[in-house]
Amino acid sequence: MILLQVIVGGLLIGAVYALFSSGLTLIWGMMNVINFAHGEFVMLGMYAAFWAFTLAGLGPAAFAPLAAVLLFILGVFVYLALIRHVMRGPMLAQILSTFGLLLLLRYSAFWAFTANFVTLPDDLVGASINLGGILVSAPKLLAGVVAILLTAGMHLLLTRTAIGSQILAVAEDRQAAMLMGIKPDHMQALAWGLSGASAGIAGALIATFFPISPTVGESLTIIAFVTVTLGGFGSVPGAMIAGLLIGLIESLSAFYFGPIFQDVVVYGLFVVILWVRPHGLLGKA
Amino acid sequence: MLEPVRTMLLRAENIRMAFGGFLAVADAGLEVAEGEIVGLIGPNGAGKSTFFNCLAGDLKPSAGRVLFEETDITEASPEAHAALGIGRTFQVPATFEEMTILENVMVGAFLRHPREKEAREAARRALALTGLDRLAEHKAKSLGTPGRKRLGIARVMATEPRLVLLDEALAGLNPAEIRQAIELVRVIHRSGVTLVIVEHIMEVILTLAERIVVFNEGRVIAEGKPREIVNDPAVIDAYLGRSHARRAHQP
Amino acid sequence: MPRKPIIGWLALAAVLIGFPLVFTGAYYEQLAAFVILSAISASAWNLVGGYAGQVSVGHAVFFGAGAYMPLLFYKLWEASPLLGFPAGIAVSVVIAVVIGVPTFRLSGHYFSMATIAVAELIRILVSDWDFLGGAIGLMGPATSRGWWDLVYRSSVPYYYIFLAVLAVLLYITHRMERSRLGYYLRAIRAGERAARSLGVPVSRYKLYALMLSAGFTSLAGSLYAVKFGFVDPGSTLGILVSVQMVVMAALGGAGRLLGPLLGAIILVPLQTTTNTFFGGAGTGLAFILYGGIIMLLSRFEPGGLLELWERYQARREARMAKERALVGAGEDHAA
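Values in this document were obtained by computation on a predicted structure and should not be read as measured data.

Chemist: Looking at this structure, how should I read the overall build of chain A?
Modeler: Each helix and strand in chain A was counted, giving 11 helices and 2 strands. A compact globule built from 285 residues would reach a C-alpha radius of gyration of about 19 Å, and chain A, at 18 Å, matches this within 12%. With the C-alpha coordinates aligned to their principal axes, the bounding extent of chain A is approximately 60 × 45 × 35 Å. The buried share among the 285 residues of chain A stands at 54%. Within chain A, residue pairs in contact and separated by at least 24 positions form 78% of the contacts whose partners lie at least 6 positions apart. Carbon and sulfur atoms make up 71% of the accessible area of chain A, which amounts to about 11,100 Å² in all. Separation between the mean location of the 9 positive side-chain charges and that of the 9 negative ones in chain A comes to 13 Å.

Chemist: What exactly am I supposed to notice about unusual backbone geometry here?
Modeler: With the exception of glycine, the majority of residues adopt a negative phi angle, and the majority of peptide bonds are in the trans configuration. At asparagine 32 of chain A, a position not held by glycine, the phi torsion is positive, near 55°. Structurally, the position occupied by asparagine 32 of chain A is in the loop between helix H1 (2-31) and helix H2 (38-56). Although it is not a glycine, glutamate 160 of chain B sits at a positive phi angle of roughly 50°. Exposure remark for glutamate 160 of chain B: the relative accessible area of 41% places this residue in the partly exposed category.

Chemist: Help me understand the interface of chain C and chain A, please; the structure alone is not making it clear to me.
Modeler: Where interface size is given, it is often the accessible area lost as the parts come together that is meant. The interface is formed by 43 residues belonging to chain C together with 44 residues belonging to chain A. Summing both sides of the interface, chain C and chain A together bury roughly 3,900 Å²; the carbon and sulfur share of this comes to 82%. In this assembly, chain C and chain A are joined by 0 salt bridges. On the surface where chain C and chain A come into contact, there are 6 residue pairs in polar contact (both at pLDDT 80 or more). Those elements that place two or more of their residues in the side of chain C that touches chain A are helix H2 (26-51), helix H4 (84-103), helix H5 (108-127), helix H11 (239-252) and helix H13 (281-300) of chain C. Top element by residues in the side of chain C that touches chain A is H5 of chain C. It accounts for 14 residues.

Chemist: Help me understand the interface of chain B and chain C in this model?
Modeler: Counting residues at the interface gives 23 residues for chain B, matched by 21 residues for chain C. Of the roughly 2,000 Å² buried between chain B and chain C on both sides combined, carbon and sulfur atoms contribute 60%. Considering only the side of chain B, the residues that lose the most area to chain C are Glu79, Phe96 and Phe110 of chain B, jointly responsible for 28% of the buried surface there. For the interface between chain B and chain C, the tally reads 5 salt bridges. Counting across the chain B and chain C interface gives 5 residue pairs in polar contact (both at pLDDT 80 or more). Going through the elements one at a time, helix H2 (78-84), helix H3 (101-109), helix H4 (116-130) and helix H5 (145-157) of chain B are the ones with two or more residues in the side of chain B that touches chain C. Residues belonging to the side of chain B that touches chain C are distributed by class as follows: 12 nonpolar, 3 polar and 8 charged.

Chemist: What is the right way to read the pairing of strand E10 (residues 219-224) of chain B from this model?
Modeler: One face of the sheet, then the other: side chains in a regular strand alternate in exactly this way. All names here are of chain B. Where strand E9 (residues 211-216) lies against E10, 5 bridges are found, and the strand directions are antiparallel. In the strand pairing of E10, phenylalanine 215 is matched with valine 220. Counted between consecutive antiparallel strands, the loop separating E9 from E10 contains 2 residues, among which glutamate 217 sits at a positive phi close to 50°.

Chemist: How do you make sense of the pattern of salt bridges when you look at a structure like this?
Modeler: A side chain of one charge can pair with a side chain of the opposite charge when the charged atoms of the two come close. Taken as a whole and judged by the stated rule, the model has 29 salt bridges over all chains. As a salt-bridge pair, glutamate 137 of chain B and arginine 124 of chain B come within 4.0 Å of each other at their nearest N and O atoms. Here arginine 124 of chain B lies in helix H4 and glutamate 137 of chain B lies in the loop between H4 and H5, a separation of 13 residues in the sequence. Measuring nitrogen to oxygen at the nearest pair gives 3.1 Å for the salt bridge that ties glutamate 192 of chain C to arginine 196 of chain C. Here the residue glutamate 192 of chain C and the residue arginine 196 of chain C both occupy positions in helix H8 (residues 192-197), the gap between them amounting to 4 residues, near one helical turn. A residue is classified by how much of its surface remains accessible, and glutamate 192 of chain C, at 25% relative accessible area, is partly exposed. Since its relative accessible area comes to 21%, arginine 196 of chain C is described here as partly exposed.

Chemist: I'm lost on the packing of aromatic side chains in this one. Help?
Modeler: Where two aromatic rings form a pair, the distance of their centres and the angle of their planes describe that pair. If you walk through the whole model with that rule in mind, you get 29 aromatic pairs over all chains. Both rings, one in tyrosine 47 of chain A and one in phenylalanine 113 of chain A, keep their centres 4.0 Å apart while their planes meet at 15°; by these two values the pair is stacked. One end of the pair, tyrosine 47 of chain A, is in helix H2; the other, phenylalanine 113 of chain A, is in helix H4 (residues 91-113), and 66 residues separate them in sequence. Classification of tyrosine 47 of chain A by relative accessible area gives buried; the value is 3%. Note on phenylalanine 113 of chain A: relative accessible area 26%, which makes it partly exposed. Relative to phenylalanine 110 of chain A, the ring of tyrosine 107 of chain A lies with its centre 5.4 Å away and its plane at 10°, an arrangement referred to as stacked. Taken together, the residues span about one helical turn, with tyrosine 107 of chain A and phenylalanine 110 of chain A both in helix H4 at a distance of 3 residues. On the basis of relative accessible area, tyrosine 107 of chain A is assigned to the buried category, the value being 9%. Taking relative accessible area as the criterion, phenylalanine 110 of chain A reaches 23% and is therefore assigned partly exposed. By way of ring pairs, the aromatic residues Phe110 of chain B together with Tyr183, Tyr184, Tyr205 and Tyr208 of chain C are connected into one cluster. Over the ring of phenylalanine 90 of chain B we find arginine 88 of chain B, and its NZ or CZ is 4.2 Å from the ring centre.

Chemist: Explain the packing of H1 of chain A against helix H6 (residues 162-172) of chain A to me, please; I cannot follow it from the model alone.
Modeler: The relative placement of two packed helices is expressed as an angle between their axes plus a distance between the axes. Residues and elements named next belong to chain A. It is at 7 Å that the axes of H1 and H6 come closest, and there the two elements cross at 45°. In terms of their interaxial angle, H1 and H6 are classed as oblique. Contact with H1, carried on its side by Leu26, Gly29 and Met30, involves Ile167, Val170 and Ala171 of H6 and no other residues of that element.

Chemist: Where do I start with the packing of H2 of chain A against helix H3 (residues 60-86) of chain A in this structure?
Modeler: All names here are of chain A. Between H2 and H3, whose axes approach to 9 Å, the crossing angle comes to 140°. Compared by their axis directions, H2 and H3 come out oblique. Relative to H3, H2 is oriented so that their crossing is right-handed. Facing Phe41, Leu44, Gly45, Ala48, Ala49, Ala52 and Phe53 of H2, the residues of H3 in contact are Phe63, Leu66, Ala67, Leu70, Leu71, Leu74, Gly75 and Val78. Grouping the constituent residues of the contact of H2 with H3 by class yields 13 nonpolar, 2 polar and no charged.

Chemist: Got a minute to help me understand the pairing of strand E2 (residues 22-33) of chain B in this structure?
Modeler: Residue and element names in this part refer to chain B. Alignment of strand E1 (residues 8-19) against E2, held across 8 bridges, turns out to be antiparallel. Bridge pairing in E2 places methionine 17 opposite valine 25. Counted between consecutive antiparallel strands, the loop separating E1 from E2 contains 2 residues, among which glycine 20 sits at a positive phi close to 60°.

Chemist: I'm lost on the environment of valine 66 of chain B in this one. Help?
Modeler: Residues and elements named next belong to chain B. Secondary-structure assignment places valine 66 in strand E4 (residues 63-68). Considering only alpha carbons, one finds valine 66 and leucine 173, 107 residues apart in sequence, at a separation of 32 Å. Other than its neighbours up to four places away in sequence, valine 66 contacts Leu10, Arg11, Ala12, Ile15, Cys54, Leu55, Thr71, Asp72, Ile73 and Thr74.

Chemist: Just to check I follow, could you spell out H11 of chain C for this structure?
Modeler: Because the α-helix completes a turn every 3.6 residues, residues three or four places apart line up on one side. Residues and elements named next belong to chain C. The first and last C-alpha atoms of H11 sit 20 Å apart over 14 residues, in line with the 20 Å expected at 1.5 Å per residue. By the criterion of burial, H11 is predominantly enclosed, with 14 of the 14 residues buried. Immediately downstream of H11, the backbone of glycine 253 shows phi near 145°, a positive value.

Chemist: Explain the environment of asparagine 32 of chain A here, please?
Modeler: For asparagine 32 of chain A, a relative accessible area of 33% puts it in the partly exposed group. Spatially, the C-alpha atom of asparagine 32 of chain A lies 30 Å from that of isoleucine 212 of chain A, the residues being 180 residues apart in sequence. Apart from the residues within four sequence positions on either side, asparagine 32 of chain A is in contact with Ile27, Gln94 and Phe233 of chain A together with His109 of chain C.

Cut-offs applied
- Sequence positions are assigned chain by chain, starting from 1 and proceeding in written order.
- Whichever chain is written first is A, and whichever ligand is written first is 1; the rest continue in order.
- Note on the predicted model: pLDDT of at least 70 is required for a residue's local features to be given, and 80 or more for side-chain atom pairs to be given and counted; whole-chain, interface and lining totals, by contrast, use all residues.
- Excluded from the side-chain calculation are hydrogens and water; included are all heavy atoms of the structure.
- Only runs of H or I of at least four residues qualify as helices and only runs of E of at least two qualify as strands under DSSP, and these elements are numbered from the N terminus.
- The globule rule is 2.2 Å times the number of residues to the power 0.38, and the radius of gyration it is compared with is taken over C-alpha atoms.
- Burial classes follow relative accessibility: with a 1.4 Å probe on protein chains only, a residue under 20% of its type's maximum area counts as buried, one over 50% as exposed, and anything between as partly exposed.
- Whether two residues are in contact is decided by their heavy atoms, any of which lying within 4.5 Å being enough.
- To measure how exposed things are, a 1.4 Å probe is used in the Shrake-Rupley method; for residues, cover is taken only from the protein chains shown.
- Residues scored as charged are limited to Lys and Arg (positive) and Asp and Glu (negative), so that His and the chain ends carry no count.
- The atoms used to mark charge sites are NZ of Lys, CZ of Arg, CG of Asp and CD of Glu.
- Summed over both partners, the accessible surface that disappears when two parts come together, traced with a 1.4 Å probe, is what is meant by buried area.
- By salt bridge we mean one thing: a side-chain nitrogen of Lys or Arg within 4 Å of a carboxyl oxygen of Asp or Glu.
- Polar contact criterion, stated in full: a pair of N or O atoms within 3.5 Å, where within protein one must be able to donate a hydrogen and the other to accept it, and residues adjacent in sequence count only if both atoms are side-chain atoms.
- Under the scheme applied here, ten amino acids are nonpolar (Ala, Val, Leu, Ile, Met, Phe, Trp, Tyr, Cys and Pro), four are charged (Asp, Glu, Lys and Arg), and all others, including Gly, are polar.
- Only strands joined by at least two bridges in the DSSP assignment are considered to pair.
- Note on aromatic contacts: the rings of Phe and Tyr and the six-membered ring of Trp form a pair at centre separations within 6.5 Å, being stacked when their planes are under 30 degrees apart, edge-to-face when over 60 apart, and tilted otherwise.
- Only lysine NZ and arginine CZ atoms are considered, and such an atom sits over a ring when it is within 6 Å of the ring centre and within 35 degrees of the ring normal.
- Note on geometry: axes are lines fitted to C-alpha atoms, helical ones only across the stretch in contact, with angles between N-to-C directions running from 0 to 180 degrees.
- Roughly parallel here means an angle under 35 degrees, roughly antiparallel means over 145, roughly perpendicular means 65 to 115, and every remaining angle is called oblique.
- Crossings are assigned a handedness: left-handed for a near helix turned anticlockwise from the far helix by less than a right angle, right-handed for a clockwise turn.
- By definition here, a helix of n residues has an expected span of 1.5 Å times n minus one.

Quick look at the structure:
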């Protein structure tokens, strides 16, 4: 029974991992740029949720979309101000740009919010729910379900809508897209916005059940990296599956080896994936 | 008249290259004898560039084999190709911008000369061959298109290849530059290098190549001497224009 | 590459050798030692991050391996920390191989992602491993039992030891620049595909660069351990250590011989000042500053200050050449 609880809990958090990782893999596949600050976007989403609740009494139904919008704007801004210029330059400039952003965001958060943890109230979404004998935390359940829906929604947005196919067209072949009248610059900015939004909303969801501090981005960025690698370069469905898997593995590791080793197992898994199957589950070779 | 028997240097058999659902090369083959100049032509999208990249080791074909002398190089990396003596140039010359012209060529020379002094001398020889010796200390980024093409050739010549794959080496040049480039290609050929040339400019191919292979829709549709090719109805069809055949006949 | 006149090198050597003799006092001596130590690790990073263009953002793992080994040897066997130096290098090189072999055959980003993940992985492991002192860390010999303990009260002997190591590292780097390794690394950085076509074994050479870099970074970590006599996960395996190496090399000029030293000379005093000025919050402020500097560099001048200087010089020379040509033409006309 306990094991089942661990598994369900792992899948739920994995769904959230899938959500923000799908945003990361979108821009990676499209522009061959890795956002080292992606975890910090999630962190900012968490703080957005916290302050929206603390200052304005907003609940999850309001602060989640709010976090999405704020981080959408940040994503677009980062693209226009920085990424657009370093994208086609040397690798050093590309990596430095988002790595510098990581430092700026994380330590500005430290300075602004101090290193102390803050939390949203436990009963914001509800307490534990009994699902056929296993106890599931209500905020986690909500987060997991919403995350899965949004990730699927992201996938549908990309594959079934006009704007989505324009984004994918730019990802596939920039020249051809330009010939079709699509503006790559606009689509790339939009992708960065979507990436930010996915991170922001994931953060807002996580905030309902997890302590918020400036350092959360550290492990979330690496989890995002493992997830997008396992899922495969540029593949949103891959990120979805991989996210669930990683959440599950993390949860089982915490259960069997203790919470400290959950990170060790996941990071170690990253190295194993790189050795054994770097192109991941669904990536293009 | 007996022709001297020439060794088969490069042979590609039943090459097939599929990208997902798209079949770029359906079934193509090629044989290149030592000392030949073989031209590879075909309309846009015919698959010749893809085939070329399979020969060069940049792409691993979905099926088929590539043999250099008797060594199977189908899956060999580009570096292994170079070590074996197969060089290539790029359509868009990928010069090392911030390095000097001499340094660019030295990168190639180091393949056969691990020591800096010998590599430098070998590089200077390659520069002299391509007429770039006076620009040796200038940065590569200061070169215009014709200079870059020359540099690409100098670099690959420094690796002392037996076979060079030239990828649209003359695109983007004006007529005077084209004449110089043709002469350079002849100089290289005379130094003992076998050549496979992909080219769009018909006059160039017809002048330089001893034998031409024509691609269309992922297959070889014709093969033979320039005169034969130019009159081949299948080739003319592929290019959709009898005017081309007419123009090629002019001196 | 234009060779700097020998007088420039002598002047630099004179300044570096003479510095602690002119600026005496514990504060300056400690600061100077730290500048040189930082220059060593930044120069080591430079081998793989600058010359080969493979950006590691987790180099602390090599620094930490080098830092822990000497003090571990002391803890286990009361041995001289010096014996731990080669062990640190060996561990670092193994880690380099584990990271480099799978990632160097893939595109660039995988390597950078792997470095951050492995550095964190090791930091967490070490922080929770009592054998290595856990979060508290390890201590070295408190008093000197002999020259081999490398325990000195003043920073000055350390300064000169560090300076000697830096000189050796820079000399090796200089020789590498003019060797096949150097040319191949620069070609890899400038254009991997073209490099491959010329026979450059790209993955293998990237790995060489990483192994060399890891070894020297480990050496820097070992030197840190003997100077401060104390190591813990935060000070040797944390992200600040990785960031410092990157920002110093990048600010001065990644891929250039003296770039990291220049970056260290500028940033170490700056960071020390913000620390003393703002107290504990100072470290946080340093990070914000580094983040900003790194972003600005990436956007406007990835080649760092030395490249900025070089371009300024080139422009000046072009202007002077033009003026000379005009003057010459004027004289011709007059005649």
